[in-house]
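Structural features, examined
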Amino acid sequence: MPIHTSSDLLIRLHQLSYDNPSRDPWWWPNTGTFETVIGAILTQNTTWLSVEKSLSNLAEALTPETLSAMPTEELEAHIRPSGYYRNKARNLQELSRAMLDDFGNFETFTAEVTRDWLMSRRGIGNETADAILNYACYREAFVVDSYTARLLEALGYPQKDYLAVQRWMLSGVESGCREVFSDLSLAQCYARYHGMVVEYCKVNRVGKRIDIASLAS
C-alpha cells in the first residue's frame, strides 16, 4: 500500500495491528493524571523503562502539592533512574509550584492551561508541551517525536524540524481518523496514532533507521 498522506499512514498502521488495545485507551499510561505530566518531563533523553522506575519511587508523591513541597534532594534521589535528575527535579518542582500558583489545582490546570504557558516553563519544549496537552489534558495536540521524524524520512518525506513533522502528520489526518476511529474524539485519535507510530518504530528499528518494508507490503 503506497503511503502518500498522514491518513494513509494511519490506516496502514491500524491494518498492521499496531494499535495496542491492552494499553490505556489514550495509549500513554495513566492518562489524565498528574503522573502523565511527570512522565512527560522524565522521559526526555531516556527510556520509558527508566521513567517507570522513577515513577515507582514517586508512588506516594504523584500530586503537584506533594511534589512541590518535597525536599529537592529527596526528589533527585527518586528520579535518578531517569537521568539528568538535578535539572529534571528543578523543572518538576518549578512546574508544580507554577501550576498551583496560576491554576490552584491540577484539575483547573488541565481545563485552562495553554501551550504558550507550558512553553514558557523551564525544561518544556514542543514535544513535552504537546504530550502534556494531549495525554494529561485530553486536548487536540498532536505529539511527534524522533521516531516520527525518522519514519517520515524513511517514507521519503523528510522534514526540517518538529513543527514541520507535526504539520505533515496533521495534514489531512481527519479523514483517516474518521475511517479508523469513528467512535473516538479527534484528540484521542491523535493519541492513538502517535502510539502506533512509536510501536511500529520500536519493532522495525534498525539502528537509527526505520525499516518500512512492512508498510509497503
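First things first, this report covers the structure right here in the doc.

The rules behind each value
- In this numbering scheme, every chain counts its residues from 1 along its sequence in written order.
- Local features are withheld for residues below a pLDDT of 70 in this predicted model, meaning they are given only at 70 or higher, and side-chain atom pairs are given and counted only at 80 or more; totals for whole chains, interfaces and linings count all residues.
- Computation of side-chain values covers all heavy atoms of the structure but excludes hydrogens and water.
- When a carboxyl oxygen of Asp or Glu lies within 4 Å of a side-chain nitrogen of Lys or Arg, that pair is called a salt bridge.
- To qualify as a helix, a DSSP run of H or I must reach at least 4 residues; to qualify as a strand, a run of E must reach at least 2; elements of each kind are numbered from the N terminus.
- Think of it in three bands: residues with accessible area under 20% of the maximum for their type are buried, residues over 50% are exposed, and the middle band is partly exposed, with areas taken using a 1.4 Å probe on protein chains only.
- Under the convention used throughout, the expected extent of a helix is 1.5 Å for every residue step, that is, one less than its residue count.
- Residues scored as positive are Lys and Arg, those scored as negative are Asp and Glu, and His as well as the terminal groups of each chain are ignored.
- Pairs of N or O atoms within 3.5 Å make up the polar contacts considered here, provided that, within protein, one atom can donate a hydrogen while the other can accept it, and that residues adjacent in sequence are counted only when both atoms are side-chain atoms.
- A contact between two residues is defined here by any heavy atoms of the two lying within 4.5 Å.

One pass over the structure, following the stated rule, counts four salt bridges. Across the salt bridge formed by Glu199 and Arg23, the nearest N and O atoms sit 3.4 Å from each other. In this pair, Glu199 is assigned in helix α13 (residues 186-203) and Arg23 in the loop between α1 (6-15) and α2 (34-42), connecting sequence segments 176 residues apart. Using a relative accessible area of 29% as the deciding quantity, one classes Arg23 as partly exposed.

For helix α6 (residues 85-103), built from 19 residues, the straight-helix expectation of 27 Å at 1.5 Å per residue is met to within 8% by its first-to-last C-alpha distance of 26 Å. Among the residues of α6, those classed as buried are Tyr85, Lys88, Ala89, Asn91, Leu92, Gln93, Leu95, Ser96, Ala98, Met99 and Phe103. One or two positions beyond α6, positive phi appears at Gly104, with a value near 90 degrees.

With that out of the way, let us pick up the side chain of Arg12. By secondary structure assignment, the location of Arg12 is in helix α1. Asp8 is the oppositely charged side chain nearest to the buried, salt-bridge-free Arg12, at an N-O distance of 10 Å. From its side chain, Arg12 meets the backbone oxygen of Ser214 in a polar contact 3.2 Å long. The contacts of Arg12, once residues within four sequence positions are left out, are Met1, Ile3, Ser214, Leu215 and Ser217.

None of the figures reported here should be taken as evidence of function without further support.
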